[in-house]
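# Observations on the model geometry
Next come the chains, spelled out residue by residue.
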Amino acid sequence: MFEKVLIANRGEIALRIQRACREMGMRTVAVHSTADQDAMHVRLADEAICIGPPAAADSYLNVQAILTAAAITNADAIHPGYGFLSENAEFAAMVEEHNFVFIGPSPEHIRLMGDKIAAKQSVKEAGIPVVPGSDGPVDSVEEALKAAQEIGYPVLIKASAGGGGRGMKVAETEDKLSEAFKTARSEAVAAFGNGEVYLEKFLGKPRHIEIQVLADHHGNTVHLGERDCSLQRRHQKLVEEAPSPALNSEQREEIGRIAKEAVQKIGYRSVGTFEFLFEDGKFYFIEMNTRLQVEHPITEMITGLDLVREMVRIAAGTPLGYGQEDISFSGHAIECRINAEHPETFIPSPGRITDYHPPGGLGVRVDSALYSGYTVPPHYDSMIAKLIVHGANRNECLMRLRRALSEYIIGGLDSTLPLHLRLMADPDIVNGDYDIHWLEKFVDG
Ligand code: ADP
């Protein structure tokens, strides 16, 4: 195992990884920008190194500074967390070239899954169901018209280099296609410097369901069930739950088995997530995330596994030591992402936390780096806490979540806590009856 791990991230996830490392008897190195001098992940680490000014491009994305920090602290391994450099294949490769272990998948797998067309093709070959669409890039309006005719309208034009829901355009009918194609193309050039686009069937009211997988260096793989992340605004997830209220046990088992087998065929290792849209009982792959995800705790709550610990063990070359038959699922878990934003306008609200009181009690977990007197800096993502609740069943989980939300005090700035309270009382949420468009209608009318 490693002696010292450098954590190339900040906020709640840096703390989350630190906790797992410490429990495994490893020392931790925090890196931070000048804006994060007083951050909890810095205070609790064994060692801390300042890697640059507030702007992420100069600090948390500063590869040279991070590698230098690892060298001078004698770290063995680097955990990238999520966001920042976590899905940067060049970074993963450089970490390895400098003889540190990258706690994550191989650079090749990160690169493959970062190219949407190549990713779709490779998972399709591994048996994963994909959205019907053009079997590769579409270069002209004529080609697009031809592909769309085969797929059937409405169609979605997507950028190969896409991310964050940008560069996507729907064409409802044939006469709208030419314009949508041109717009998607120019948006893709503007956003990613790459105008390559492809076509997919547009699904009208899908749910977002993703499967968590784990794979070691020795060919052992397991799936850890699904998470339902349909509650999104502008392609940002706000609430996630596991298991999904939309799946029956056959659907669950089948997609889990397919994902597990695909991981093995692809030769992937570490944690990974297959994201699907789910409509009318069918799964359609949209992308694979080659990192630890924000919503990983709900899987931990229903499986009892520590996913960060598993990532570290896998990176160190340790075999999983268990098989699919050893994985059991217990109860229900829901995560609410709490952002420093106005609960109705979503205007960011950085600033000083005057009062802080997190909830507790049986089945309640708070992953956050907040404390009373802490100042949330304006430079980074607005997510400041994750409230994760577990119950014996969905109903108990919802009751407990409402109770926990009502206890939570984050004073001094606007947060989305009131929005979560409203959501958890809504009949559609209580009934599990929502698709990926539900939340936008709820909050934006
Ligand atoms: P990105 O990498 O930009 O986030 P994704 O492929 O993950 O792109 O898609 C982002 C979101 O766009 C999905 O969560 C879903 O809401 C929507 N979406 C993607 N593909 C389709 C499709 N074929 N039909 C309907 N909605 C889609």
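Everything discussed here concerns the structure shown above.
Residues numbered from 1 in each chain as written. Predicted model: local features only at pLDDT ≥ 70, side-chain atom pairs only at ≥ 80, totals over all residues. Heavy atoms only, no water.

Scanning the protein for helices and strands turns up 15 helices and 20 strands. Here the C-alpha radius of gyration of the protein, 22 Å, is about what a compact globule of 445 residues would show, namely 22 Å. Seen through its principal axes, the protein has C-alpha atoms that stretch 60 × 50 × 45 Å. In the protein, once contacts between residues fewer than 6 apart in sequence are set aside, the share between residues at least 24 apart is 66%. When the accessible surface of the protein is summed, it comes to about 17,800 Å², and 49% of that surface belongs to carbon and sulfur atoms. In the protein, 44 positive and 63 negative side-chain charges are present, and the distance between their average locations comes to 2 Å. (Helix = DSSP H or I, 4+ residues; strand = E, 2+ residues; numbered from the N terminus. Rg over C-alpha atoms; globule rule 2.2 N^0.38 Å. Contact = heavy atoms within 4.5 Å. Areas by Shrake-Rupley, 256 points an atom, 1.4 Å probe, with all protein chains shown as cover. Lys, Arg positive; Asp, Glu negative; His and termini not counted. Charge placed at Lys NZ, Arg CZ, Asp CG, Glu CD.)

Strand order in the open sheet formed by five strands is β3-β2-β1-β4-β5, with parallel pairing between adjacent strands. Of all strands in the sheet, those bounded by a partner on one side alone are β3 (47-52) and β5 (101-102). Looking at chain direction, strand β1 (residues 4-7) and strand β2 (residues 27-33) are connected through four bridges and run parallel. Considered in β2, the bridge of Ile7 is made with Ala30. (Pairing = 2+ DSSP bridges.)

If you walk through the whole model with that rule in mind, you get 28 salt bridges. Here Glu295 makes a salt bridge to Arg337, at a shortest N to O gap of 2.9 Å. Of the two residues, Glu295 sits in the loop between β13 (282-289) and α10 (296-303) while Arg337 sits in strand β14 (residues 332-339), which places them 42 residues apart along the sequence. Across the pair Arg403 and Glu407 runs a salt bridge, and its minimum N-O distance is 2.9 Å. On the criterion of helical spacing, the pair formed by Arg403 and Glu407 is a turn pair, its members being four residues apart in helix α12 (residues 394-407). On the accessibility criterion, Glu407 (31% relative accessible area) is partly exposed. A single salt-bridge network, built from bridges that share partners, covers Glu210, Arg227, Lys237, Glu240, Glu275, Glu295 and Arg337. (Salt bridge = Lys/Arg side-chain N within 4 Å of Asp/Glu carboxyl O. Buried < 20%, exposed > 50% of the residue type's maximum accessible area, 1.4 Å probe, protein only.)

Time to look at the nonpolar core. Judged by nonpolar contacts, the single largest core of 38 residues is most densely connected at Leu387, Ile410 and Met424. Those elements that provide at least two residues to this core are β11 (236-242), β14, β19 (383-391), α12, α13 (417-424) and α15 (438-444). Among the elements that line this core, the one with the most residues is α12, at five residues. In this structure Leu387 touches Ile334, Glu335, Cys336, Ile338, Pro359, Val364, Arg365, Val366, Leu401, Ala404, Leu405 and Tyr408, once residues within four positions along its chain are discounted. (Core = buried A, V, L, I, M, F, W, Y, C linked by side-chain atoms within 4.5 Å.)

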